[in-house]
Each structure stands twice: as C-alpha cells, then as structure tokens.
Amino acid sequence: MTLFGDPAVWLPLTFAALMSLSIVIYVVLDGFDLGVGVLFPFAEEDEKDRMVASIGPFWDANETWLVLAIGLLLVAFPAAHGAILTALYLPVAIMLVGLILRGVSFEFRVKAPPRWKGFWNGAFWGGSLLTSLSQGFMLGMYIMGLEYTWATFGFAVVTAIFLTVGYSFIGATWLIIKADGVLQEKAVGWAKGGIWGLILGMGAISIASPMVSPRIFEKWFSFPEILLLAPLPLMSGLLVALLWVALRRLPTADDSFAWFPFAAGTTLFILAFFGMAYSFYPYVVPDQLTIYEAASAPEALIIILAGTVFVLPVILGYTILAYMIFRGKATELTYY
C-alpha cells in the first residue's frame with residue numbers, strides 16, 4: 001500500500017478520480033440518450049422510432065456508469081454517501097422512477113398494440129424528463145452545499161431546467177450523427193435552440209459557485225490562479241463559437257462534420273466538470289467532508305481497488321465495443 005506513498009492520501013485521491021471519471025462518462029453518454037427522450041414531443045411518430053433505434057444498442061450500457069459511480073461513492077466514501085443521499089433522498093427517488101419508466105417503456109412501445117404506442121411514447125418522454133430534471137436539481141443542491149432554503153431551492157430548480165436543456169442539446173447532436181434526411185435537419189434545429197440553454201446553465205453554475213463559497217472564489221480569482229485557469233473559459237467560449245458556425249452549415253451534402261457538434265458538446269461537458277472538480281476539491285461534501293475524512297480505511301480501499309482494476313476495463317471495453325459494432329446511421333427499428 002505504500003508503493004505510491006501514504007495510502008491514507010493516494011488511495012482516497014485515486015478513488016475520487018475513478019468516481020469522477022465514472023460520473024463524467026455517465027453525464028455524456030446517458031446525457032445524450034436522455035436528451036433524445038426529452039426531444040420526443042418535437043418528432044413525428046416514424047421519427048420517434050428512428051430516435052429510439054439510434055440509442056437502442058447503447059442506453060442500457062450507458063447507465064452502468066451511474067451504477068459504478070454510486071457504488072464507488074458507497075464503498076470508498078461511506079460517510080459522504082450517507083450525507084449526500086440523505087439530503088437528496090427525494091430527487092434520487094424521482095430519478096429512479098424516471099429510469100424505471102424509461103426502461104419499461106423502451107421495450108413496451110415496440111411490442112405493444114398500436115393503440116398503446118402513444119401511451120408508451122409519453123411514458124418514455126416522461127421518464128427521460130423526470131430523470132433529467134432530478135439530476136439537474138441534485139446538481140444545483142450540491143453546488144449550494146446541500147442546504148435547503150428558498151434561495152438554494154430556486155437555484156436547484158433553475159439548474160434542473162438548464163441541465164435538461166443541455167441534455168437535449170447533446171441528444172440533438174447525437175441525432176445529427178445517427179440520422180439523415182428530415183430528422184437530421186430537425187436535429188440541427190434542436191441543437192441550435194439547445195445550445196443557448198447549455199451556455200446559460202454553465203454560466204449560472206460558474207457565477208453561483210464562487211458567490212456561495214469564499215473558498216471557491218479564492219481558488220478561481222486569486223493570483224496567479226486566475227491566469228492559469230483562464231484557458232478554461234476561453235476554450236469554452238471558442239467551442240461555443242465553433243459550434244454555432246458548424247450548426248449553421250449543417251447538414252452537409254456528404255454528411256461531413258456531422259460528428260463535430262457532438263464532439264464539441266462532449267468537450268464542453270468535460271471542461272465544465274473539470275472546473276467543478278477543481279472548485280470543490282478536496283471536498284466530497286461541499287465545505288463539510290473532504291475525500292480524506294470521508295474515505296474508508298486504507299486496508300478496505302486497497303481491496304476495493306483490486307476489484308475496480310478488473311471491473312473498470314471490462315465496462316470500458318464493452319462500452320467501446322458496442323459503439324464500434326453499432327456505428328453508422330440508425331436504421332429502421334425492428335426486433336426481428
């Protein structure tokens with residue numbers, strides 16, 4: 001355990017990095033398939049089948065990363081798991097209801113009689129919306145320090161709306177890759193609208209975090225940190241500008257650069273997550289518990305790490321394999 005120094009230091013830091021990796025992969029991957037579900041009301045009936053076909057091979061595997069992240073939180077930082085889940089019990093329950101609705105309706109909408117298809121389409125949209133809103137609400141409450149006041153509740157509601165719009169944006173960019181024809185043109189229009197919600201959401205979080213915590217304000221705006229961190233907002237602004245230019249020129253006749261909006265949107269999500277991770281480190285519960293205070297005993301962590309070293313590559317491997325096998329345009333949805 002002393003191979004990399006003090007195990008009470010490097011083991012909690014390693015698990016915090018692994019948990020962060022799981023969360024950011026989940027937000028990007030499950031974010032786009034949640035976003036596709038949120039966009040359901042804006043599509044025609046035949047287009048909804050194509051939209052489901054575009055996420056069909058991936059959505060279940062995408063949610064594995066959420067299970068991994070919560071599992072790592074539970075076993076590596078049990079005190080933080082208790083504090084966070086206690087404060088966010090209701091939105092977590094709502095998220096689980098949304099995920100159940102999505103899972104059930106995903107299967108039933110294809111196999112149910114035609115008269116019930118509209119019901120299951122609505123259930124899929126409702127499950128996607130509930131899940132997105134609850135995750136955004138949890139993010140807002142986490143940023144506010146998990147304290148319930150009218151101000152923090154209002155901020156969490158705003159964050160819930162903006163994250164849902166952000167998910168719809170990245171969902172639209174996924175459809176630009178996977179769809180063609182009229183649906184692809186619609187996806188470009190949805191992405192043009194969703195990008196503004198993404199910008200406003202990132203701006204609200206960037207402004208609120210330093211205002212709530214003097215510690216975060218000091219980390220971002222003291223010298224020389226303000227100069228060293230300046231590339232983050234500058235890169236984000238450049239990506240937004242490039243995204244807008246690309247969306248104005250899509251779709252192209254030969255489908256070139258259809259991948260760019262999704263790649264740029266993914267990079268924006270990663271940059272935002274990196275900024276949040278920097279802001280809150282070393283706390284896993286904002287201004288209450290650090291990763292070192294909340295961590296399990298080093299003897300337990302080293303055993304968990306041995307299992308994680310095996311499980312993580314397996315999850316990563318079959319995720320990559322699924323995206324390689326089912327690359328290309330989404331075809332007609334069928335179970336035969």
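Coordinates for the structure precede this section.
Conventions used here
- Residues numbered from 1 in each chain as written.
- Predicted model: local features only at pLDDT ≥ 70, side-chain atom pairs only at ≥ 80, totals over all residues.
- Heavy atoms only, no water.
- Helix = DSSP H or I, 4+ residues; strand = E, 2+ residues; numbered from the N terminus.
- Contact = heavy atoms within 4.5 Å.
- Salt bridge = Lys/Arg side-chain N within 4 Å of Asp/Glu carboxyl O.
- Buried < 20%, exposed > 50% of the residue type's maximum accessible area, 1.4 Å probe, protein only.
- Phe/Tyr/Trp six-rings, centres within 6.5 Å; stacked < 30°, edge-to-face > 60°.
- Core = buried A, V, L, I, M, F, W, Y, C linked by side-chain atoms within 4.5 Å.
- Expected span 1.5 Å × (residues − 1).
- Arc of directions from axis to C-beta.
- Axes fitted to C-alpha atoms, helices over the stretch in contact; angles between N-to-C directions.
- Parallel < 35°, antiparallel > 145°, perpendicular 65-115°, else oblique.
- Left-handed = near helix turned anticlockwise from the far one by under 90°.
- Nonpolar A, V, L, I, M, F, W, Y, C, P; charged D, E, K, R; others polar.

Draft legend 1. Just the side chain of Ser54, in detail. Locating Ser54 in the fold gives a position in helix α2 (residues 45-55). For Ser54, the contacting residues outside a window of four places in its chain are Trp174, Leu175, Lys178 and Ala330.

Draft legend 2. Just the pattern of salt bridges, in detail. Tallied over the full model, the rule gives 8 salt bridges. With a closest N to O distance of 3.0 Å, Asp49 and Lys117 form a salt bridge. Here Asp49, found in helix α2, pairs with Lys117, found in helix α6 (residues 114-143); they are 68 residues apart in sequence, far enough to count as distant. A salt bridge links Asp180 to Arg50, with the nearest nitrogen and oxygen atoms 3.1 Å apart. Of this pair, Asp180 sits in the loop between α7 (150-178) and α8 (181-212) while Arg50 sits in helix α2; the two residues are 130 residues apart in sequence, bridging distant segments of the chain. Since its relative accessible area comes to 23%, Arg50 is described here as partly exposed.

Draft legend 3. Looking closely at the packing of aromatic side chains. Inspection of the entire model under this criterion finds 17 aromatic pairs. Measuring from centroid to centroid gives 5.8 Å for Trp116 and Phe119, while their planes differ by 90°, and the two rings are edge-to-face. Linking Trp116 with Phe119, this pair stays in helix α6, spanning 3 residues, or about one helical turn. Accessibility expressed as a relative area gives 41% for Trp116, which makes it partly exposed. Through successive ring pairs, a cluster of aromatic residues spans Phe32, Phe58, Trp174, Phe262, Tyr323 and Phe326.

Draft legend 4. A look at the nonpolar core. In terms of nonpolar packing, the biggest core is built from 95 residues, with Met51, Phe77 and Trp190 touching the most fellow members. Once you skip the residues sitting within four places of it in the chain, Trp190 turns out to touch Leu39, Phe42, Ala43, Met51, Ala172, Leu175 and Leu183.

Draft legend 5. Layout of helix α11 (residues 231-249). The end-to-end C-alpha distance of α11, which contains 19 residues, comes to 27 Å, matching closely the 27 Å that a straight helix rising 1.5 Å per residue would cover. Residues Leu232, Ser236, Leu239, Val240, Leu243, Ala246 and Leu247 constitute the buried set of α11. Projection of α11 onto a plane perpendicular to its axis shows the buried side chains occupying an angular sector of 135°, all on one side. Exposed residues lying more than 90 degrees from the buried face of α11 are Leu234, Leu238, Arg248 and Arg249.

Draft legend 6. Fine view of the packing of α8 against α11. Between α8 and α11, the shortest axis-to-axis distance is 10 Å and the interhelical angle comes to 165°. By the angle class used here, α8 and α11 are roughly antiparallel. The crossing of α8 and α11 is left-handed. Mapping the contact onto sequence places Val188, Ala191, Lys192, Ile195, Trp196, Ile199 and Met202 in α8 and Ser236, Val240, Leu243, Trp244, Leu247 and Arg248 in α11. Considering only residue class, the contact of α8 with α11 consists of 10 nonpolar, 1 polar and 2 charged.

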